[in-house]
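The residues making up each chain are set out below.
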Amino acid sequence: MLRPLTSALRLLRPWKPLQTRGCASDEAARGREIQVRALEGPDQALSPAGITEILMNRPRARNALGNVFVSELLEALAQLREDRQVRVLLFRSAVKGVFCAGADLKEREQMSEAEVEVFVQRLRGMMTEIAPSTRLGTQNKKGEQKAAFPAPTIAALDGFALGGGLELALACDLRVAASTAVMGLIETTRGLLPGAGGTQRLPRCLGVALAKELIFTGRRLSGTQAQVLGLVNHAVAQNEEGNAAYHRARALAQEILPQAPIAVRLSKVAIDRGMEVDIASGMAIEGICYAQNIPTQDRLEGMAAFREKRPPKFVGK
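Definitions and limits used
Residues numbered from 1 in each chain as written. Predicted model: local features only at pLDDT ≥ 70, side-chain atom pairs only at ≥ 80, totals over all residues. Heavy atoms only, no water. Pairing = 2+ DSSP bridges. Helix = DSSP H or I, 4+ residues; strand = E, 2+ residues; numbered from the N terminus. Axes fitted to C-alpha atoms, helices over the stretch in contact; angles between N-to-C directions. Buried < 20%, exposed > 50% of the residue type's maximum accessible area, 1.4 Å probe, protein only. Right-handed = clockwise from strand over helix to strand, strands pointing away. Salt bridge = Lys/Arg side-chain N within 4 Å of Asp/Glu carboxyl O. Core = buried A, V, L, I, M, F, W, Y, C linked by side-chain atoms within 4.5 Å. Contact = heavy atoms within 4.5 Å. Phe/Tyr/Trp six-rings, centres within 6.5 Å; stacked < 30°, edge-to-face > 60°. Lys NZ or Arg CZ within 6 Å of the ring centre and 35° of its normal. pLDDT = per-residue confidence, 0-100. Parallel < 35°, antiparallel > 145°, perpendicular 65-115°, else oblique. Left-handed = near helix turned anticlockwise from the far one by under 90°. Nonpolar A, V, L, I, M, F, W, Y, C, P; charged D, E, K, R; others polar.

**Student:** Can you tell me about the sheet that holds strand 10 (residues 234–236), naming the residues and giving the values?
**Tutor:** Strands belonging to one sheet form pairs held by backbone hydrogen bonds; the direction of such a pair is parallel or antiparallel. On the basis of which strands lie adjacent, the open sheet formed by 6 strands has the order 1-2-3-5-7-10 and mixed pairing. Of all strands in the sheet, those with a lone pairing partner are strand 1 (34–39) and strand 10, marking the two edges. Taking each pair of neighbouring strands and ignoring which way they run, the sheet shows an average axis angle of 20 degrees. Relative to strand 5 (residues 153–157), strand 3 (residues 86–93) is paired through 3 bridges, and the arrangement is parallel. Across the sheet, the residue bridging to Phe-91 is Ala-155, located in strand 5.

Following this line, the structure appears as structure tokens:
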């Protein structure tokens, strides 16, 4: 039962920094459908690392999930997973009025049945790079259980998040939406069913009966409705620029940023793994994670800062 924790706890190994930071400003990166940008914290003395954004930029297709989009996002996630500077990962859109419109059905229409099956497997694999299941089929090439993306992830929904777009948001730890955003698992209205984790993550988020109702009907929800149901953590009034959810998501990330990064990551492991098992096994998982945190410099720094009545300076060691 606890075997999947082995690879999850390897997130404490030394991480290597990305070769390029802030690549969204590079001329070559501007044409990419997925761009990566590192943001600085408000106080570099207290927060030497910061927030990293994944910027989705496929305006002609409303950020639809096509082959290039998926390949570039998988590449970005693979690099960022190894970047020690990433304390919070934020998903946002560069396309006004839309987060992600879901699968690229025009592209998929040109695929054979076999090609569709392969693509959906890749799409599901992309989602499990963010938040994998502990169940069968989520092992890496070495046969080890995949760990979730180690840092907290936040989706900023400033517009439409439909089908696979909502599945991408569901794979994130936290979700923030504009009150006017529109979201839903609408696949049944297209003769499909959610195939990238929606049938599994939505009931875990909202409960089985409500998830069934939303999927069976293909119902669309506003950001305000989604917050009432618990689908998003926060809903905020949209602004003229159309990026209110992004700003609220950044504010939430800034709250996470000063906290001890190893303790935050281990808390994420304990919650994610614990939710998949009975409470007795979950308590054992919590104990394993707690033991991993005991020898860290950050734990000693936290106690020293409390004793000396000063803000802690966590370094992620």
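**Student:** Lay out the pairing of strand 2 (residues 50–56) in plain terms, naming residues and giving numbers.
**Tutor:** Successive residues of a regular strand alternate their side chains across the two faces of the sheet. Judged by how many residues are buried, strand 2 sits mostly within the fold: 7 of 7 residues are covered. One ladder, built from 6 bridges, connects strand 1 with strand 2; its direction is antiparallel. By the bridge assignment for strand 2, Leu-39 is matched with Ile-51. Note that strand 2 and strand 3 share 7 bridges and pair parallel. Its bridge partner lying in strand 3, Leu-55 is registered against Arg-92. Read from strand 2 through helix 2 (residues 67–81) to strand 3, the crossover connection turns out right-handed.

**Student:** Tell me about the pattern of salt bridges, and name the residues and values.
**Tutor:** Once the charged atoms of two side chains with opposite charge are near each other, the side chains can pair. Inspection of every chain in the model, using the stated rule, returns 12 salt bridges. Between Arg-204 and Glu-276 there is a salt bridge, and its shortest N-O distance comes to 3.5 Å. Of this pair, Arg-204 sits in helix 6 (residues 198–206) while Glu-276 sits in the loop between helix 10 (261–274) and helix 11 (279–293), and the two are 72 residues apart along the sequence. For Glu-276, a relative accessible area of 18% corresponds to the buried category. As a salt-bridge pair, Arg-310 and Glu-308 come within 2.6 Å of each other at their nearest N and O atoms. When its relative accessible area of 45% is taken as the criterion, Glu-308 is described as partly exposed.

**Student:** Explain the nonpolar core residue by residue, including any values.
**Tutor:** If you look at the biggest cluster of nonpolar residues, it comprises 63 residues, and the most contacted ones within it are Ile-54, Phe-91, Phe-99, Leu-157, Met-183, Leu-202 and Leu-231. Beyond its immediate stretch of four places on either side in the chain, Met-183 contacts Leu-157, Ala-161, Leu-162, Leu-166, Ala-177, Arg-219, Arg-220, Leu-221, Gly-223, Ala-226, Leu-231 and Val-232. In terms of nonpolar packing, the next biggest core, distinct from the first, is built from 7 residues, Ile-262, Val-269, Val-277 and Cys-289 among them.

**Student:** Account for the packing of aromatic side chains, with residues named and values stated.
**Tutor:** Applying the stated rule across the entire model yields 0 aromatic pairs. Its guanidinium or amino end placed over the ring of Tyr-246, Arg-92 lies 3.7 Å from that ring's centre, counting from NZ or CZ.

**Student:** Provide a residue-level description of helix 5 (residues 164–171), including the pertinent values.
**Tutor:** Of all 8 residues that make up helix 5, 8 are buried, and the element is covered over most of its length. Burial in helix 5 covers these residues: Gly-164, Gly-165, Leu-166, Glu-167, Leu-168, Ala-169, Leu-170 and Ala-171.

**Student:** I'd like a description of the confidence of the model for the protein chain, backed by residues and values.
**Tutor:** The share of residues in the protein chain with pLDDT of 70 or more is 83%, and the mean pLDDT across the chain is 87. Taken together, the stretch residues 44–48 has pLDDT below 50 and engages in 8 contacts with residues farther than four places along the chain or on a different chain.

**Student:** Tell me about the packing of helix 10 against helix 11, and name the residues and values.
**Tutor:** Where helix 10 contacts helix 11, the two axes come as close as 9 Å, and the packing angle between them is 165 degrees. Taken together, the axes of helix 10 and helix 11 lie roughly antiparallel to each other. The interaxial crossing formed by helix 10 with helix 11 has right-handed handedness. The segment helix 10 lies against helix 11, with Ile-262, Ala-263, Leu-266, Val-269, Ala-270, Arg-273 and Gly-274 engaging Gly-282, Ile-285, Glu-286, Cys-289, Gln-292 and Asn-293. The residue inventory of the contact of helix 10 with helix 11, partitioned by class, reads 7 nonpolar, 4 polar and 2 charged.

**Student:** Break down the sheet that holds strand 9 (residues 221–222) for me, citing the residues and quoting the values.
**Tutor:** What the 4 strands build is an open sheet, ordered 4-6-8-9; its pairing is mixed. One side of each edge strand has no neighbouring strand; the edge strands of this open sheet are strand 4 (98–100) and strand 9. Two elements, strand 8 (residues 182–184) and strand 9, share 2 bridges in a ladder whose sense is antiparallel. Each residue of the ladder has a partner; that of Met-183, found in strand 9, is Leu-221. The sheet contacts of helix 5 involve strand 4, strand 6 (160–162) and strand 8, and relative to strand 6 the element is tilted by about 90 degrees.

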